[in-house]
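Chain by chain, the residues:
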Amino acid sequence: MQAVKKLVLLGTGLISGSFALALKRARLVEHVVGVGRNLDNLQRALDLNVVDSISDDAAHAVVGADLVFIGTPVGQMGRLMQQIAPHLSAECIVTDGGSTKQDVAALYQAYLPQQLAYCVPGHPIAGSDLSGAAAAQFGLYEGRRVVLTPLPESDAAVIERVRNWWLACGAQVYQMSALAHDEIFSSVSHVPHLLSFAYMNSVLDRYNAAECLDFAASGFRDFTRIAGSHPDMWRDIALANQSAILNDLRANQQQLQALIDLVESSDGVALTNYIQRASSARIEWGKPLKGKK
């Protein structure tokens, strides 16, 4: 497997930092440069050996790189691509960890038109409510799924190299279209986060919100954990994947209305069946499958 001589992380946090650490452990990278605007976070990345050098200048940092990983929120990616475009070597591979893919594909097309054969959009499914370089860990991707959504122009050999680097991180690598990705992850990631934000806000709007929160326990903690996620990132995701998210939010709105109707009707049998359907599916989904972690 071909090693990376110079890996540049545009955005040095959980996702990109863990990618760098995994490649370091596999001895597949010689030098990692961390780029960002938060100097304290960059220094932390350096102290923890997540990166080997740091910079606040993306354009300067990518000179001589053979792999660039864009690990910022989606809303910042276009600006960074525009900055680095004139400074990339002809065969430098560019990938990313963005949670939406149709919009990111459009950014590659707009800002890196001469580099497209070497661009491979991706999405590691290993998020957390933790962030920053201090959250990076060697084994984050072991057994986790990574989805690649190559561009029509992406070179097959380049896709294979990116795939192999993720495999070396311990990930299970899948490939699909950007459209399919965004529809799937609207349903199982984007909308659950938005619903958690909405529920948390509904509690905060109660006249006795402080008392409710004082008595909240494990069920509340489990349901609202993802409501603590990064506001800017989830704003960008909601706007980037707007069409799919609106479809799924409306579907959830219909389910809530159906539940309201069942409770209002005092139909215990129908309410039990409604709950049972969801409960059985969740229990079945939660059972360990061979090859699934």
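Residues numbered from 1 in each chain as written. Predicted model: local features only at pLDDT ≥ 70, side-chain atom pairs only at ≥ 80, totals over all residues. Heavy atoms only, no water.

1. Topic: the sheet that holds strand β2 (residues 29-35)
Consideration 1: A sheet is described by the order of its strands in space; here six strands give the open sequence β3-β2-β1-β4-β5-β6, paired in parallel fashion. The open sheet has two edge strands with one neighbour each: β3 (53-55) and β6 (119-120).
Consideration 2: Relative to β6, strand β5 (residues 93-96) runs parallel, the two being bridged by two bridges. When the bridges of β6 are listed, Thr95 appears paired with Val120. (Pairing = 2+ DSSP bridges. Helix = DSSP H or I, 4+ residues; strand = E, 2+ residues; numbered from the N terminus.)

2. Details of the sheet that holds strand β7 (residues 122-124)
Consideration 1: Taking strand neighbours across the sheet as the criterion, the three strands line up as β7-β8-β9 in an open arrangement whose pairing is mixed. Only two strands of the sheet have a single partner each, and these edge strands are β7 and β9 (172-175). Across the sheet, the mean angle from the axis of one strand to that of its neighbour is 20°, orientation sign disregarded.
Consideration 2: Alignment of β7 against strand β8 (residues 145-148), held across three bridges, turns out to be antiparallel. By the bridge assignment for β8, Gly122 is matched with Leu148. (Axes fitted to C-alpha atoms, helices over the stretch in contact; angles between N-to-C directions.)

3. Topic: the pairing of strand β4 (residues 67-70)
Consideration 1: In β4, alternate side chains face the same way, and those of Leu67 and Phe69 on one face and Val68 and Ile70 on the other are all buried.
Consideration 2: Two strands pair when backbone bridges link them, and strand β1 (residues 4-10) and β4 are joined in this way by four bridges, in the parallel orientation. Within β4, the residue paired with Leu7 across the bridge is Leu67.
Consideration 3: Across four bridges, the pairing between β4 and β5 is parallel. (Buried < 20%, exposed > 50% of the residue type's maximum accessible area, 1.4 Å probe, protein only.)

4. Some words on the packing of helix α11 (residues 242-265) against helix α12 (residues 268-286)
Consideration 1: Packing of α11 against α12 brings their axes to within 9 Å, and their N-to-C directions diverge by 150°. Residue-level inspection shows Gln255, Leu259, Leu262 and Val263 of α11 in contact with α12, the latter providing Ala270, Leu271 and Tyr274.
Consideration 2: In the contact of α11 with α12, the residues fall into six nonpolar, one polar and no charged. (Contact = heavy atoms within 4.5 Å. Nonpolar A, V, L, I, M, F, W, Y, C, P; charged D, E, K, R; others polar.)

5. Describing the nonpolar core
Consideration 1: If you look at the biggest cluster of nonpolar residues, it comprises 36 residues, and the most contacted ones within it are Leu7, Phe19, Leu23, Tyr141, Leu148, Trp165 and Trp166.
Consideration 2: Only β1, α1 (14-25), β2, β4, β8 and α6 (156-168) provide two or more residues apiece to this core.
Consideration 3: Among the elements that make up this core, the one with the highest residue count is α1 (seven residues).
Consideration 4: Excluding residues that lie within four positions of it along the chain, Trp166 makes contacts with Phe19, Phe69, Pro124, Tyr141, Val146, Leu148, Ala171 and Val173.
Consideration 5: Counting residues in hydrophobic clusters, the runner-up holds 26 residues, among them Leu80, Leu88, Val104 and Tyr108. (Core = buried A, V, L, I, M, F, W, Y, C linked by side-chain atoms within 4.5 Å.)

None of the figures reported here should be taken as evidence of function without further support.
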